[in-house]
Amino acid sequence: MGVSIYQVDAFTGQPYKGNPAAVCLLDGARDEAWMQAVANEMNLSETAFLTPEQDGYRLRWFTPKTEVKLCGHATLASAHVLYTEKLLPLNKEARFFTLSGLLTAGYHQDTGLIELNFPVTPVVSCEPPAGLIEALKIEPLFIGRGDDDYLIEVATEEEVRAASPDFDRLVQVACRGVIVTASSTAKEYDFISRFFAPAEGINEDPVTGSAHCRLTPYWQAKLKKNEFIAYQASKRGGFLQVAAAGDRVRIGGKAVTVLKGELLD
C-alpha cells in the first residue's frame, strides 16, 4: 500500500482560502531525501510527515526546498487530519514531537477551532541588515528580530497590504523570513501581517502560525492585552485567534480538507 496523503487548508473555514499544507501519514521512519522529494512534488509552502511515536507523533515539516524547525499551519493541518480521520478522539490532546520540542493541539467542540500550544519567540529591537529595507520598499516604525525572523512594524494597515518586496534582493538577507505588520482599525481583528520567506523557497506564505509566536508578544507589549484576533493579508488570507500565555502562545484556527489520496512510491 502507498502512503496516505491529505491536502488541508489551514486557518480558514472555507476551501481554497487560508494556507494549504500536505499531510503524510507514515507507519514508520522514512529518510530525509524521500521526504524532501515528496515536499518538492507537492510544491506547497509546507508538507508535514507524521509517524506514530510513544503517546503521540513525530512531526517534521518540509518546504519544497528545505526542512524547517517550526510550522504552525502544517501543525494545525496535521491535528485536523488526526481528528477528522478519527485517528484521535476529539476530546484527546494531540502531542507532536518536533525539532522545536513537544507541541500540543486541542479541539474545541464548541467553536470547531483547533488550538496549538507553541513557544514564545521574543522580538528584540535591532539595526536592519544591509539591503532589508531597500528590498521591502517600506518605511519602518520598528525593526526587530526574533530568532531567525525579522519583524517590521509600519504605520498603517494599508502599507502592509500594499507591500511589494523585491524578492531578488530579499533572498540575499540572512534570515528565515520577514514579517511586516501594523495595528488595525478594523473591528474584525487587532493587527494585520504578511510574511515573506524567499530564502525558504516561499516568496509569500499565505498564513504563518509560527510568525505569531513573534507577533503575539510584540503586540501584547504594545496594545497591553493578551488575546487577539489576527489577520494575515496574503492573497488567500486567513484568521488566527492568538493569546499570550507566559512563555507559550496559544494559536487557534479552523481547517478544511480539500484532497485525499495515496502516494504510490
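Look up: the structure comes first, before these words.
Numbers given for residues are sequential positions, taken from 1 along each chain in its written order. Where local features are concerned, this predicted model is filtered to residues with pLDDT of at least 70; where side-chain atom pairs are given and counted, the filter is 80 or more; whole-chain, interface and lining totals use all residues. For the side-chain quantities, the full set of heavy atoms in the structure was used; hydrogens and water were omitted.

1. A word on the overall build of the chain
Only DSSP runs of H or I with at least four residues qualify as helices, and only runs of E with at least two residues qualify as strands; both kinds are numbered from the N terminus onward. Counting its regular elements, the chain contains six helices and 18 strands. Whereas a compact globule of 265 residues would reach a radius of gyration of roughly 18 Å, the chain reaches 18 Å, a difference of no more than 12%. Taking all 265 residues of the chain together, 54% fall into the buried category. In the chain, the share of contacts with a sequence separation of at least 24, taken over all contacts with a separation of at least 6, comes to 62%. Each accessible area is a Shrake-Rupley estimate made with a 1.4 Å probe; only the visible protein chains count as cover when residues are assessed. By element, 49% of the accessible surface of the chain is carried by carbon and sulfur atoms, the whole surface being about 11,900 Å². Computed over 26 positive and 34 negative side-chain charges, the separation of the two mean positions in the chain equals 3 Å. Note on method: radius of gyration uses C-alpha positions; expected globular size equals 2.2 Å times residues raised to 0.38. Buried means the residue's accessible area, taken with a 1.4 Å probe over protein chains only, is under 20% of the maximum for its type, while exposed means over 50%, and partly exposed covers the values in between. Residue contacts are defined here by distance: any two heavy atoms, one from each residue, within 4.5 Å place the two residues in contact. In this charge count, Lys and Arg are treated as positive and Asp and Glu as negative; neither His nor the chain ends contribute. Charged side chains are reduced to one point each, which is NZ for Lys, CZ for Arg, CG for Asp and CD for Glu.

2. As for the state of the cysteines
Any two cysteine sulfur atoms within 2.5 Å of one another count as a disulfide. Counted under the stated rule, the structure contains zero disulfides. Of the cysteine sulfurs around Cys175, a residue in no disulfide, the closest is that of Cys126, at 10 Å. Note on Cys175: relative accessible area 14%, which makes it buried. The cysteine Cys213 is free of any disulfide, with Cys71 supplying the nearest cysteine sulfur at 11 Å. Classification of Cys213 as buried rests on a relative accessible area of 0%.

3. Here we look at the pattern of salt bridges
In the sections that follow, a salt bridge refers to a side-chain nitrogen of Lys or Arg positioned within 4 Å of a carboxyl oxygen of Asp or Glu. Per the stated rule, a full pass over the model turns up 16 salt bridges. Salt-bridge contacts for Arg214 lead to Asp149; the nearest nitrogen and oxygen are separated by 3.1 Å. Here Asp149 lies in strand β11 (residues 149-153) and Arg214 lies in helix α6 (residues 212-223), a separation of 65 residues in the sequence. For Arg214, a relative accessible area of 4% translates into the label buried. Each of Asp148, Asp149, Arg176 and Arg214 takes part in salt bridges that share partners, so that together they form one network.

4. Structural notes on the packing of aromatic side chains
A pair of aromatic rings is counted whenever rings of Phe, Tyr or Trp (Trp by its six-membered ring) have centres within 6.5 Å, and the orientation is called stacked for planes under 30 degrees apart, edge-to-face for over 60 and tilted otherwise. Enumeration over the complete set of coordinates arrives at 11 aromatic pairs. Taken together, a centroid distance of 5.8 Å and an interplanar angle of 50° make the contact between Tyr83 and Tyr107 tilted. Here Tyr83, found in helix α2 (residues 72-84), pairs with Tyr107, found in strand β7 (residues 101-107); they are 24 residues apart in sequence, far enough to count as distant. Judged by relative accessible area, which is 29%, Tyr107 ranks as partly exposed. One aromatic cluster is present, formed by Phe142, Phe191, Tyr218, Trp219 and Phe228 through successive ring pairs. The ring of Trp34 has Arg30 lying over it, and the distance from NZ or CZ to the ring centre is 4.3 Å. Consider the ring centre and the ring normal. A charge sits over the ring if Lys NZ or Arg CZ is within 6 Å of that centre and within 35 degrees of that normal.

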